[in-house]
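If you want the building blocks of each chain, they are given just below.
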Amino acid sequence: MHDETDYPAPGHVERRDVDAGESSRAGRLWWDGAADAYQAEHGGFLGDADFVWCPEGLTEERAGLLGDPAELRGARVLEVGCGAGQCGRWLRARGVREVVAFDLSFRQLQHSRRIDAETGHSLPTVQADAQRLPFADASFDAVFSSFGAFPFVPSADDALGEAARVLRPGGRLVFSVTHPVRWSFPDDPGEEGFTVHQSYFDRRAYVEEDDEGNAVYVEHHHTVGDWVRGIARAGLTLKDLVEPEWPEGLDRVWGGWGPVRGRMIPGTAIFSAVRPKG
């Protein structure tokens, strides 16, 4: 376990509106500074070439949310907000024809290159923003994000619209985010985390600022309804909403996730949608 001081200092904490440009800048700077500590702390749990959807430990191998593995092998797949590319690398290791990944943080992508060299499973990556995807329309059979960029975008509609744009008809979008109900509770995995302390309907972003008032970390809240409406407005059809239960025997604490609170209220929401054919 690394020392918590390895992460960027939180600074002043505020709840306020943040636009797309400020949010993107803060995300890039924070994750470039936090990538080393994040991979040191969570890399073992995530695996170098494994596909973990959430802190509850639900894996794609067990859940099969992207569909039939045999059909997926011939697909072209995009990972949104890949971090060090663990999920995309797992797909490549299992014979998926083409997987492309991107992240806002250059330092996270450097870790991806490091793990490529260590595992021998190369994952093509590019530095990009989920709010403006550098890919052609209808160019992927599946798009997914495991706690990648979606929690950090101010507009659910914009991010989902971009994901839908690059999907081919019949393609699938699957993404995991902090369960929206968690925003009513403190970020505490223990008993103190059961007390509601803010409105679920308060959509102002959580913002950490430096001494000059510049955002250095931003996370956005969208309700379940916001995500569902965003999926519909993007022209997609919602197929499933998975709320993983905390598994027996998992004692790991990850930020606000842990066995005490995790056995009582959901910590993760995984949305699965498809782009209709025709």
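Residues numbered from 1 in each chain as written. Predicted model: local features only at pLDDT ≥ 70, side-chain atom pairs only at ≥ 80, totals over all residues. Heavy atoms only, no water.

1. A look at the pattern of salt bridges
And then number 1: The final tally for this structure, using the stated rule, is 17 salt bridges.
And then number 2: Of the charged contacts in the structure, one is a salt bridge between Glu-98 and Arg-76, with a shortest N-O distance of 3.1 Å. Residue Glu-98 is found in strand β3 (residues 98-103), and its partner Arg-76 is found in strand β2 (residues 76-80); the two are separated by 22 residues along the sequence.
And then number 3: The partner of Glu-98 in a salt bridge is Arg-97, with the nearest N and O atoms 3.7 Å apart.
And then number 4: Among the residues examined, Glu-98 registers a relative accessible area of 27% and is labelled partly exposed.
And then number 5: Residue classification places Arg-97 among the partly exposed positions, given a relative accessible area of 47%.
And then number 6: The network of salt bridges with common partners includes Arg-15, Asp-202 and Arg-204. (Salt bridge = Lys/Arg side-chain N within 4 Å of Asp/Glu carboxyl O. Helix = DSSP H or I, 4+ residues; strand = E, 2+ residues; numbered from the N terminus. Buried < 20%, exposed > 50% of the residue type's maximum accessible area, 1.4 Å probe, protein only.)

2. Looking at helix α5 (residues 106-119)
And then number 1: Compared with an ideal rise of 1.5 Å per residue, which puts 14 residues at 20 Å, α5 spans 20 Å between its outermost C-alpha atoms and is within 8% of the ideal.
And then number 2: Residues Gln-108, Leu-109, His-111, Ser-112, Ile-115 and Asp-116 constitute the buried set of α5. Relative to the axis of α5, the buried residues are bounded by an arc of 150 degrees and lie together on one face. Away from its buried face by more than 90 degrees, α5 exposes Ala-117 and Glu-118.
And then number 3: Structurally, α5 contributes buried residues whose contacts are with α1 (20-46), α4 (86-93), β3 and β4 (125-127).
And then number 4: Regarding α5, its N-cap is Ser-105, as a side-chain oxygen of that residue lies 3.3 Å from the backbone nitrogen of Arg-107 further along. (Expected span 1.5 Å × (residues − 1). Arc of directions from axis to C-beta. Contact = heavy atoms within 4.5 Å. Polar contact = N/O pair within 3.5 Å; in protein donor to acceptor, adjacent residues only side chain to side chain.)

3. Some details on unusual backbone geometry
Peptide bonds are, in most cases, trans, and in most cases residues other than glycine have a negative phi.
And then number 1: We note that Ala-138 has phi near 50 degrees; this positive angle belongs to a residue other than glycine.
And then number 2: Position of Ala-138 among the secondary structure elements: in the loop between β4 and β5 (140-146).
And then number 3: Its relative accessible area of 30% is what places Ala-138 among the partly exposed residues.
And then number 4: Located in the positive-phi region is Phe-147, a residue other than glycine, with phi close to 50 degrees.

4. Examining the environment of Arg-132
And then number 1: Mapping Arg-132 onto the fold places it in the loop between β4 and β5.
And then number 2: Remark: the alpha-carbon pair of Arg-132 and Val-174, spanning 42 residues in sequence, is separated by 18 Å.

5. Some thoughts on the pairing of strand β10 (residues 268-274)
And then number 1: With seven of seven residues buried, β10 is to be regarded as a mostly interior element.
And then number 2: Bridge analysis of strand β6 (residues 167-178) against β10 gives seven bridges, and the strand direction is antiparallel. Across the sheet, residue Val-174 finds its bridge partner in β10, namely Ser-272.
And then number 3: Sheet topology note: the strand β9 (residues 237-242)/β10 ladder contains five bridges and is antiparallel. (Pairing = 2+ DSSP bridges.)

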